[in-house]
Amino acid sequence: MEEGTKTKKTVFVGGIGDDVNEAVIYEHFATFGDIIDVHIPPESTDPNRQDGKHRGFAFVTYGSTSDAQDAIDNMDLNELKGRVLRVNLAKPMKTPTQLGGNRAVWESEEWLKQYVKPLGQSGGVQGRKAQNEEESKEADDEEMAEE
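What counts, and at which threshold
- Residues numbered from 1 in each chain as written.
- Predicted model: local features only at pLDDT ≥ 70, side-chain atom pairs only at ≥ 80, totals over all residues.
- Heavy atoms only, no water.
- Helix = DSSP H or I, 4+ residues; strand = E, 2+ residues; numbered from the N terminus.
- Buried < 20%, exposed > 50% of the residue type's maximum accessible area, 1.4 Å probe, protein only.
- Areas by Shrake-Rupley, 256 points an atom, 1.4 Å probe, with all protein chains shown as cover.
- Phe/Tyr/Trp six-rings, centres within 6.5 Å; stacked < 30°, edge-to-face > 60°.
- Polar contact = N/O pair within 3.5 Å; in protein donor to acceptor, adjacent residues only side chain to side chain.
- Pairing = 2+ DSSP bridges.
- Axes fitted to C-alpha atoms, helices over the stretch in contact; angles between N-to-C directions.
- Contact = heavy atoms within 4.5 Å.
- Core = buried A, V, L, I, M, F, W, Y, C linked by side-chain atoms within 4.5 Å.

As recorded in an unreviewed UniProt entry, the protein chain goes by RRM domain-containing protein and comes from Marasmiellus scandens.

Caption draft 1: Summary view of the overall build of the protein chain. Tallying secondary structure elements over the protein chain gives 5 helices and 6 strands in all. In the protein chain, the order of α-helices and β-strands from amino to carboxyl end is α-β-α-β-β-α-β-β-β-α-α. Considering the protein chain as a whole, with its 147 residues, one finds that 26% of them fall into the buried category. Of the roughly 11,100 Å² of accessible surface on the protein chain, 49% is carried by carbon and sulfur atoms.

Caption draft 2: Broad picture of the packing of aromatic side chains. Counted by the stated rule, this structure contains 4 aromatic pairs. A centroid spacing of 5.5 Å and a plane angle of 35 degrees characterise the contact between Phe 12 and Phe 57, whose relative ring orientation is tilted. Here Phe 57 lies in strand β3 (residues 57-62) and Phe 12 lies in strand β1 (residues 10-14), a separation of 45 residues in the sequence. Here Phe 29 and Phe 32 contribute two aromatic rings whose centre-to-centre distance is 6.5 Å and whose plane-to-plane angle is 65 degrees, an arrangement assigned as edge-to-face. Note on accessibility: Phe 29 and Phe 32 belong to one class, buried. Clustering of aromatic rings is evident, with ring pairs tying together Phe 12, Phe 57 and Phe 59.

Caption draft 3: Spotlight on unusual backbone geometry. Unusually for a residue other than glycine, Leu 77 sits at a positive phi of about 65 degrees. Relative to the helices and strands, Leu 77 is located in the loop between α3 (65-75) and β4 (79-80). Classification of Leu 77 as exposed rests on a relative accessible area of 61%. Its identity as a non-glycine residue notwithstanding, Lys 81 has a phi of 55 degrees, on the positive side. With respect to the helices and strands, the residue Lys 81 is situated in the loop between β4 and β5 (83-84).

Caption draft 4: Just the environment of Asn 74, in detail. Turning to its location among the elements, Asn 74 is positioned in helix α3. Here Asn 74 falls in the partly exposed class, since its relative accessible area comes to 41%. Separated by 13 residues in sequence, Asn 74 and Val 87 place their C-alpha atoms 9.0 Å apart. Within the structure, Asn 74 has its side chain in polar contact with the backbone oxygen of Asp 70 (distance 2.7 Å).

Caption draft 5: How the structure looks around the sheet that holds strand β6 (residues 86-89). In spatial order, the strands read β2-β3-β1-β6; together these 4 strands make up an open sheet with antiparallel pairing. Here the strands that pair on one side only, and so sit at the sheet edges, are β2 (35-39) and β6. Going across the sheet, the axis of each strand differs from the next one's by a mean of 20 degrees, ignoring polarity. As defined by bridge partners, β1 adjoins β3 across 5 bridges and the pair is classed as antiparallel. Its bridge partner being in β3, Phe 12 is matched across the sheet by Phe 59.

Caption draft 6: Structural view of the environment of Phe 29. You can see Phe 29 is positioned in helix α2 (residues 22-29). When the C-alpha positions of Phe 29 and Ile 72 are compared, they lie 9.7 Å apart, and in sequence the two are 43 residues distant. What Phe 29 contacts, discounting residues up to four positions off in sequence, is Val 13, Ile 35, Val 60, Tyr 62, Ala 71, Met 75, Leu 85 and Val 87.

Caption draft 7: Focus on the nonpolar core. Core analysis: the biggest nonpolar cluster contains 21 residues, and Val 13, Ile 25, Phe 29 and Tyr 62 have the highest contact counts within it. Contributing elements (two or more residues each) for this core: β1, α2, β2, β3 and α3. Counting residues per element, this core draws most heavily on α3, which supplies 4 residues. In contact with Tyr 62, not counting residues within four places along its chain, are Lys 9, Val 11, Phe 29, Phe 32, Gly 33, Asp 34, Ile 35, Ile 36, Asp 67, Ala 68 and Ala 71.

Encoded structure:
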């Protein structure tokens, strides 16, 4: 299955309480169509830590995009166990290159180490000034040598 197709069938369910598990999500969302998968990401990414806590959201993957849209239309801003849900289409996870957000490439230490030269070698104003002074000194030395 293509990643884009899967995404349009996957619904993000935000705002779920600590007492909600995958069975509860399945029970409330199954009325809108065939559910392929229900996933509630754990609070901790450490596989050794199994305290049962989650991050407050879930993903429900349906068999068709129309089922997913029905779930969104009917469950968004509805209540589940005393909490108001936010339900919309799930967005694809960002890749590591997208995680920087709006950060400029030159804010990265690796980029700076690879591409930045010391100011005197950069060719900027101070670099040109230093280079002109050096050339002027060499010219003066040559003139003195000729005399």
